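Structural overview
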Amino acid sequence: MTDAGRMRQRVLVVAAYPALRAGLLVLLANDNSLDAIAANGVDLGHDAAEFPAAIVVDYSGGEPGAITAVTDAFPGVPMVMIGADPATDGPGLSGAPVAYLPGDVDAPALAAAVHAAAAGLIVLDPTIAGATGVHTHAAVSADGELLTTR
């Protein structure tokens, strides 16, 4: 429980290296409304009440199979992808709740992305959007031309 009497949101952290897991856990610990736990310490035999609000995944190294095992164990749970490319990693920008963040994400941005993804939103860091060619501030007309804000 948080001090406001609300339940803390459970967040599962998946990273190939113990130091990365520990660092992500520390970043998430700065937000008192989140209860972050490492995926390697979780019994994947669970019921729906134990599903996390979100899964934070570090893509900077490691086995895609380990990531897939955790995400398969919790289908439909929003993912926060760190260091991943939306064009090739994870669910992409298909409309499912997901966040794509750079590897140098700080604690406030990480916590905000977790909350947003858990609320059903898509989060795309501007640096990742620029690298993938996604336009975050411009609309596209029916014929594919960029529209101005006016």
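Small disclaimer: the values here were computed from a predicted structure and weren't measured.

**A few points about the overall build of the protein chain**
Tallying secondary structure elements over the protein chain gives 4 helices and 8 strands in all. Along the protein chain, from the amino end to the carboxyl end, the secondary structure elements read β-α-β-β-α-β-β-α-β-α-β-β. By residue count, 37% of the 150 residues in the protein chain fall in the buried class. Intrachain contacts of the protein chain at a sequence separation of at least 6 include 58% that bridge at least 24 residues. Here the protein chain displays about 8,200 Å² of accessible surface, and carbon together with sulfur accounts for 56% of that area.

**Here's the deal with the packing of helix 1 (residues 18–29) against helix 3 (residues 107–118)**
One way to put it is that helix 1 packs onto helix 3 with a least axis distance of 8 Å and a crossing angle of 80°. Relative to helix 3, the element helix 1 lies roughly perpendicular. Contact with helix 1, carried on its side by L24, L27 and L28, involves A107, L110 and V114 of helix 3 and no other residues of that element.

**Brief notes about the sheet that holds strand 1 (residues 9–14)**
With parallel pairing, the 6 strands of this open sheet are ordered in space as 2-1-3-4-5-6. Each end of this open sheet is capped by a strand with a single partner; those strands are strand 2 (34–38) and strand 6 (122–124). Taken pair by pair, the neighbouring strands of this sheet meet at an average axis angle of 20°, ignoring direction. Packing of helix 1 onto the sheet brings it into contact with strand 1, strand 2, strand 3 (54–58) and strand 4 (79–82), and relative to strand 2 it is tilted by some 175°.

**Section: the pairing of strand 3**
Walk down a regular strand and you will see the side chains alternate between the two sheet faces. A large share of strand 3 lies buried, amounting to 5 of its 5 residues. Burial of strand 3 is two-sided: the residues A54, V56 and D58 facing one way and the residues I55 and V57 facing the other way are all buried. Pairing of strand 1 with strand 3, which is carried by 4 bridges, proceeds in the parallel orientation. When the sheet's bridge partners are listed, L12 is paired in strand 3 with I55. Note: strand 3 against strand 4, 4 bridges, orientation parallel. When the bridges of strand 4 are listed, V57 appears paired with M81.

**Notes on the environment of L12**
As for its position among the elements, L12 is in strand 1. Residue class for L12 comes out buried when judged on its relative accessible area of 1%. Between the alpha carbons of L12 and F51 there is a distance of 9.1 Å; along the sequence they are 39 residues apart.

**Remarks on helix 3**
Here helix 3 spans 16 Å end to end across 12 residues, near enough to the 16 Å set by a 1.5 Å rise per residue. Turning to helix 3, its buried residues number three or more, namely A107, L110, A111, A113, V114, A116 and A117. Regarding helix 3, its N-cap is D106, as a side-chain oxygen of that residue lies 3.0 Å from the backbone nitrogen of A109 further along. Residue G120 follows helix 3 closely and has a positive phi angle near 95°.

About the criteria used
Residues numbered from 1 in each chain as written. Predicted model: local features only at pLDDT ≥ 70, side-chain atom pairs only at ≥ 80, totals over all residues. Heavy atoms only, no water. Helix = DSSP H or I, 4+ residues; strand = E, 2+ residues; numbered from the N terminus. Buried < 20%, exposed > 50% of the residue type's maximum accessible area, 1.4 Å probe, protein only. Contact = heavy atoms within 4.5 Å. Areas by Shrake-Rupley, 256 points an atom, 1.4 Å probe, with all protein chains shown as cover. Axes fitted to C-alpha atoms, helices over the stretch in contact; angles between N-to-C directions. Parallel < 35°, antiparallel > 145°, perpendicular 65-115°, else oblique. Pairing = 2+ DSSP bridges. Expected span 1.5 Å × (residues − 1). Polar contact = N/O pair within 3.5 Å; in protein donor to acceptor, adjacent residues only side chain to side chain.

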